[in-house]
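# Observations on the three-dimensional arrangement
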Amino acid sequence: MTKTSKKAATPNELLRALPSVDALLKTNTARGLVDEVGLAKLTSLARTVTAGLRRELIKDSSRSAGDDGLKGQLLIEAEQRLGALHSLQRAGGVRRVINATGVVLHTNLGRAPLSEAARHAMLEAAGYCSLEYDTVTGERGLRGARAEQLLVDLTGAEAALIVNNCAAAALLVLSTFASGGETIVSRGELVEIGGDFRVPDVMAQSGTRMVEVGTTNRTSLSDYQKGINDSTRVIMRVHTSNYRIVGFTKTPSLSELADLAHTSKLWLYEDAGSGALIDLGDHGIEGEPVIRKSIEDGADLVTFSGDKLMSGPQAGLIVGRRDLIERMRQNPMYRALRADKLRLAVLEATLESYSRGDSLPALFMMSSTADQIASRARTFVERLTQSTRGTLMFDFIEEQSAVGGGAAPMSPLPTLLIAIKHPLRSSDEVAARLRSGTPPVIARVLDDRVTLDLRTVSTTEERELEKLILDLLQ
Ligand SMILES: *Cc1c(COP(=O)(O)O)cnc(C)c1O
């Protein structure tokens, strides 16, 4: 501390040096934000900043006044805080990110990325659209009719119904057919799927009494049989999705369960969850129930998600017997769970891709081979090494990507990760810097290294990603 220039400021001096809201609104940061944020909101942010600063100054009077520079100093500080506060608030919203985690159906990052056709359909439907209007007759049409027809064609079921997500679908099925009665389920299927979907909780909420049969690893047909009584309404089969029981296991086939249900005058309901519309064996995905097969095997109703393996929008899809579907359509709960125009537009476009036999972005990502990813990764690193002139270090790690979204936990997706090493910053700092980019880049930190998996980065995003990595050097 130099004697001549610094002395502690008195509380009054400090408060007088506090920038006014007006002064703060005239700074470059504020001017740069006003168009995006709006003056009213920006003024409110500026008030929050100056009020916070005032409180701190009253509490902490140890600040020195400097060379009469306190006022300027505080203004700079307030300006920085204004920018930071805005960034923080904006970061809480839904924004595009680059998913470099290699988790294809990353629930926290919006699960399946949509196809070009689906994005286009969503934009088209954003204005007025024929949501419930029949343009041929000029009369009221049926919401979702086209998507329902496509689901019928693709699954072989008699009818279909669309709600907001698979959890809503399960709730609607059980409330309509098992409320006030009993539903039988194997103890091996009482799973929790990410995001708080728990089979026992959904049963309780829908007003059915859950009757557990068998054991965690083995349940036989006779266990189900013994669970049946006069109050039984439904036999439920739950696909364990993100969880597998291996080893000494046993469970009746779906067709055996269908025979038992039907001779006992009960409904067989399968919650297939991950929702493969086609056999994904060619895409390296094993052990996922194909909806058409479940219908063939005799399930009366099957529910599945739209944004997992189906690679479409968040939606709950119900297919099965026509009379049962119509009873659900009449249930007032359906009105509360029905899908909106944007979801339906995206769903139609996605299902049309299946009808044509086109691939979809998430399925394409899952089926990329380790060699294909490795070749992209090497080219990417070559370019980066040139443009960073060796200041950032890159390395390769053989690892696994993941399907995610609570599907196919046993399907290995070998990949080649790019590890980034910064000469000065820790891996956590590098990951945080990548997240603060526009758009944010979400990376995986593995053994104290920041890694990027190009499996979930589209080729059209590579240039952008390259630029965001270069920004790490600033
Ligand atoms: C994922 C899943 C759900 C929940 O689906 P959401 O569409 O996320 O609501 C329900 N049941 C099963 C078996 C699942 O795998």
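Preceding this paragraph is the structure being described.
Summary of the structure given here.

Rules and cut-offs
Counting restarts for each chain, with residues numbered from 1 along the sequence as it is written. Confidence filtering applies because this is a predicted model: local features only for residues at pLDDT of at least 70, side-chain atom pairs given and counted only at 80 or more, and all residues used for totals across whole chains, interfaces and linings. Derived side-chain values reflect all non-hydrogen atoms in the structure, with water molecules and hydrogen atoms excluded from consideration. Whether two strands pair comes down to DSSP finding at least two bridges between them. Secondary structure follows DSSP: runs of H or I at least 4 residues long count as helices, runs of E at least 2 residues long count as strands, and numbering of each begins at the N terminus. Here, axes are lines fitted to C-alpha atoms. For helices the fit covers the stretch in contact, and angles between N-to-C directions go from 0 to 180 degrees. Two residues qualify as a contact provided that any one of their heavy atoms is within 4.5 Å of a heavy atom in the partner residue. The residues that make up patches have over 30% relative accessible area and no salt bridge, and they are joined within 9 Å when like-charged or within 5 Å when they are Val, Leu, Ile, Met, Phe, Trp or Tyr. A 1.4 Å probe and the Shrake-Rupley method give the accessible areas. Residues count as covered only by the protein chains that appear here. For salt bridges, the criterion is a side-chain nitrogen of Lys or Arg within 4 Å of an Asp or Glu carboxyl oxygen. For the purpose of counting charges, residues Lys and Arg are taken to be positive, whereas Asp and Glu are taken to be negative. His and the chain ends are not included. Charge positions are represented by NZ for Lys, CZ for Arg, CG for Asp and CD for Glu. Only protein chains enter the accessibility calculation, which uses a 1.4 Å probe. A residue is then buried if its area is under 20% of the maximum for its type, exposed if over 50%, and partly exposed in between. For this analysis, a polar contact is any N or O atom pair within 3.5 Å, provided that within protein one partner can donate a hydrogen and the other can accept it, and provided that sequence-adjacent residues contribute only side-chain to side-chain pairs. Each helix should span, by expectation, one fewer than its residue count multiplied by 1.5 Å. By definition, the arc is the one covered by directions from the helix axis to the C-beta atoms.

## Concerning the sheet that holds strand β18 (residues 449–452)
Taking strand neighbours across the sheet as the criterion, the five strands line up as β2-β14-β15-β18-β17 in an open arrangement whose pairing is mixed. One side of each edge strand has no neighbouring strand; the edge strands of this open sheet are β2 (103–105) and β17 (444–446). The sheet shows a mean angle of 40° between the axes of neighbouring strands, taken without regard to direction. Helix α17 (residues 370–388) contacts β14 (393–404) and β15 (413–421) of the sheet and is inclined by roughly 10° relative to β15.

## Quick look at a negative patch on the surface
A contiguous patch of negative charge on the surface is contributed by Asp428, Glu429, Asp447 and Asp448. Here Glu429 lies in helix α18 (residues 427–435). On the basis of relative accessibility, which here comes to 42%, the residue Glu429 falls in the partly exposed class.

## Regarding the pairing of strand β6 (residues 182–186)
With five of five residues buried, β6 lies mostly within the body of the structure. The pairing of β6 with strand β9 (residues 209–213) spans five bridges and is classified as parallel. Residue pairing for β9: Ile184 is matched across the bridge by Val211. Two elements, β6 and strand β10 (residues 232–238), share three bridges in a ladder whose sense is parallel.

## Points about the side chain of Arg455
Within the secondary structure, Arg455 sits in the loop between β18 and α19 (462–470). Asp453 provides the closest opposite charge to the buried, salt-bridge-free Arg455, at an N-O distance of 4.8 Å. A distance of 2.6 Å separates polar atoms of two side chains, one belonging to Arg455 and the other to Ser401. Among residues more than four places away in sequence, those in contact with Arg455 are Gly102, Val104, Met365, Met366, Ser368, Ile373, Ser401, Leu413, Pro414 and Thr415.

## Some words on helix α5 (residues 70–91)
Compared with an ideal rise of 1.5 Å per residue, which puts 22 residues at 32 Å, α5 spans 31 Å between its outermost C-alpha atoms and is within 8% of the ideal. Three or more residues of α5 are buried, namely Leu70, Leu74, Ala78, Glu79, Leu82 and His86. Projected onto a plane normal to the axis of α5, the buried residues spread over an arc of 165° and lie on a single side. Exposed and oriented more than 90 degrees from the buried face of α5 are Ile76, Gln80 and Leu88. Buried positions along α5 lie against α1 (11–17), α2 (21–25), α3 (28–37) and α4 (39–59).

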